[in-house]
Amino acid sequence: MTKTNRGRFFEDYRLGEAIRHAVPRTIAEGERALYHALYPQRFALHSADAFAADCGLDGAPLDDLLVFHTVFGKTVPDISLNAVANLGYAEGRFLRSVYPGDTLRAESEVIGLKQNSNGKSGVVWVRTTGLDQTDQPVLSYVRWVMVRKRDVNTPAPETVLPQLSEVVAANDLHIPEGLHFDAYDFTLAGEPHRARDYEVGERVDHVDGTTIEEAEHMLATRLWQNTAKVHFDATNRDDGKRLIYGGHVISLARALSFNGLANAQCIAAINAGAHANPCFAGDTVRAWSEVLDVAPLREDMAAVRLRLVATRGEAFALKGDDGKYLPDVLLDLDYWALMPA
């Protein structure tokens with residue numbers, strides 16, 4: 001009997017199935033430094049203990065997307081090892097700050113299944129929860145992924161499409177315990193702009209670009225213990241290319257957004273997300289944002305809903321006349337960020 005794991009195929013999933021993922025991961029301070037080395041990340045709350053303390057926290061929490069990638073990586077061997085592509089996200093909520101020394105694990109529930117018309121693959125929807133060493137949820141999100149079938153002759157399961165919210169309600173956003181912006185230092189943060197300075201419909205070109213190298217994206221994917229074959233095995237695709245992990249593009253675009261959104265300190269929720277086109281080493285990624293909403297939370301704090309777009313092309317170009325994403329668009333992410341009011 002074989003003892004190795006070839007990963008699940010589409011026909012291996014069952015609606016309502018609960019999956020506890022291996023292996024728990026204790027996150028050390030060094031991972032913050034490596035994360036900041038991989039991306040041009042400069043958000044002050046996640047960079048400096050003293051700045052975080054002035055905002056009411058015990059120290060600088062780990063970057064929200066570092067937490068997301070760690071939890072995501074736990075799920076890959078059970079969810080997307082045989083994936084064709086990771087397709088999208090919804091209902092993502094950051095529920096608890098994570099600090100160096102915390103241990104994270106993940107659990108998922110299969111909430112949707114749909115075989116593709118070609119009969120060779122299907123889409124699986126899962127709701128994943130990341131938990132810390134005290135079994136407290138730190139993150140919850142839905143994602144859907146296209147997975148190959150082992151046997152094209154296997155009968156298709158009943159199609160079940162989950163009903164997902166288009167946006168996490170502002171009053172459902174979690175504010176990290178103790179966080180306040182009463183003594184916020186805009187000079188140290190890098191920009192003077194408060195939430196009230198942004199208008200719905202405003203678009204921000206983040207100006208800078210970063211070229212992705214093969215080594216760095218593979219280092220990042222290994223850091224998150226993401227074992228999806230499309231990121232490592234050049235024989236897994238007919239074109240011989242290794243697909244850039246979508247989370248790498250998310251983190252890169254978020255880091256680039258500092259220029260123009262330096263005070264969008266915390267990601268509170270991911271409302272929706274789509275990896276519009278594949279990304280490969282050698283691509284130069286740029287980013288732009290659109291303000292979708294501004295929601296007051298407290299006298300000192302507001303939530304700003306942002307569309308973050310990563311592209312190889314021009315700022316503010318998104319879809320063609322046919323409603324489809326333009327070929328240069330890599331990521332379309334809708335999220336809430338916490339910002340001084």
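Residues numbered from 1 in each chain as written. Predicted model: local features only at pLDDT ≥ 70, side-chain atom pairs only at ≥ 80, totals over all residues. Heavy atoms only, no water.

Asker: Mind laying out the nonpolar core, listing which residues take part and the relevant values?
Answerer: Counting residues in each nonpolar core, the largest one holds 57 residues, and the members touching the most others are Tyr 39, Phe 68 and Trp 224. With seven residues, the single largest contributor to this core is helix 3 (residues 64–79). Those residues in contact with Phe 68, other than ones at most four positions away along the chain, are Tyr 89, Phe 94, Leu 139, Tyr 141 and Ile 270. The next biggest cluster of nonpolar side chains, apart from the first, holds 22 residues, and it includes Phe 51, Phe 181, Ala 295 and Trp 336. (Core = buried A, V, L, I, M, F, W, Y, C linked by side-chain atoms within 4.5 Å. Buried < 20%, exposed > 50% of the residue type's maximum accessible area, 1.4 Å probe, protein only. Helix = DSSP H or I, 4+ residues; strand = E, 2+ residues; numbered from the N terminus. Contact = heavy atoms within 4.5 Å.)

Asker: So what's going on with the packing of aromatic side chains? Which residues, and what values?
Answerer: Summed over all chains, the structure comprises 11 aromatic pairs. Ring geometry for Phe 43 against Phe 258: centres 5.5 Å apart, planes inclined by 75°, an arrangement best described as edge-to-face. You can see Phe 43 sitting in the loop between helix 1 (29–38) and helix 2 (49–54) and its partner Phe 258 sitting in helix 8 (residues 258–261), a full 215 residues away along the chain. Given the relative accessible area of 1%, Phe 43 is considered buried. Classification of Phe 258 as buried rests on a relative accessible area of 8%. Aromatic pair Trp 288 and Phe 316: ring centres 5.4 Å apart, planes at 75°, arrangement edge-to-face. One end of the pair, Trp 288, is in strand 8 (residues 284–296); the other, Phe 316, is in the loop between strand 9 (301–311) and strand 10 (329–340), and 28 residues separate them in sequence. Judged by its relative accessible area of 2%, Trp 288 falls in the buried class. Looking at Phe 316, the relative accessible area reads 31%, which means it is partly exposed. Grouping aromatic residues by their ring pairs yields a cluster made of Phe 68, Phe 72, Tyr 89, Tyr 141 and Tyr 245. When the ring centre of Phe 43 is taken as reference, the NZ or CZ atom of Arg 254 above it lies at 3.8 Å. The ring of Tyr 325 has Lys 319 sitting right over it, with the charged end atom 4.8 Å from the ring centre. (Phe/Tyr/Trp six-rings, centres within 6.5 Å; stacked < 30°, edge-to-face > 60°. Lys NZ or Arg CZ within 6 Å of the ring centre and 35° of its normal.)

Asker: Give me the lowdown on the pattern of salt bridges, citing residues and values where you can.
Answerer: Charged atoms that come close allow side chains of opposite charge to pair. According to the stated counting rule, one finds 17 salt bridges in the structure shown. Put simply, Asp 300 and Arg 298 hold a salt bridge, and the shortest N to O gap is 3.0 Å. In this structure, the salt-bridge partner of Arg 312 is Asp 328, at a minimum N-O distance of 3.7 Å. Placement of Arg 312 in the loop between strand 9 and strand 10 and of Asp 328 in the loop between strand 9 and strand 10 is noted, with a sequence separation of 16 residues between them. A single salt-bridge network, built from bridges that share partners, covers Arg 20, Arg 105, Glu 107 and Asp 135. (Salt bridge = Lys/Arg side-chain N within 4 Å of Asp/Glu carboxyl O.)

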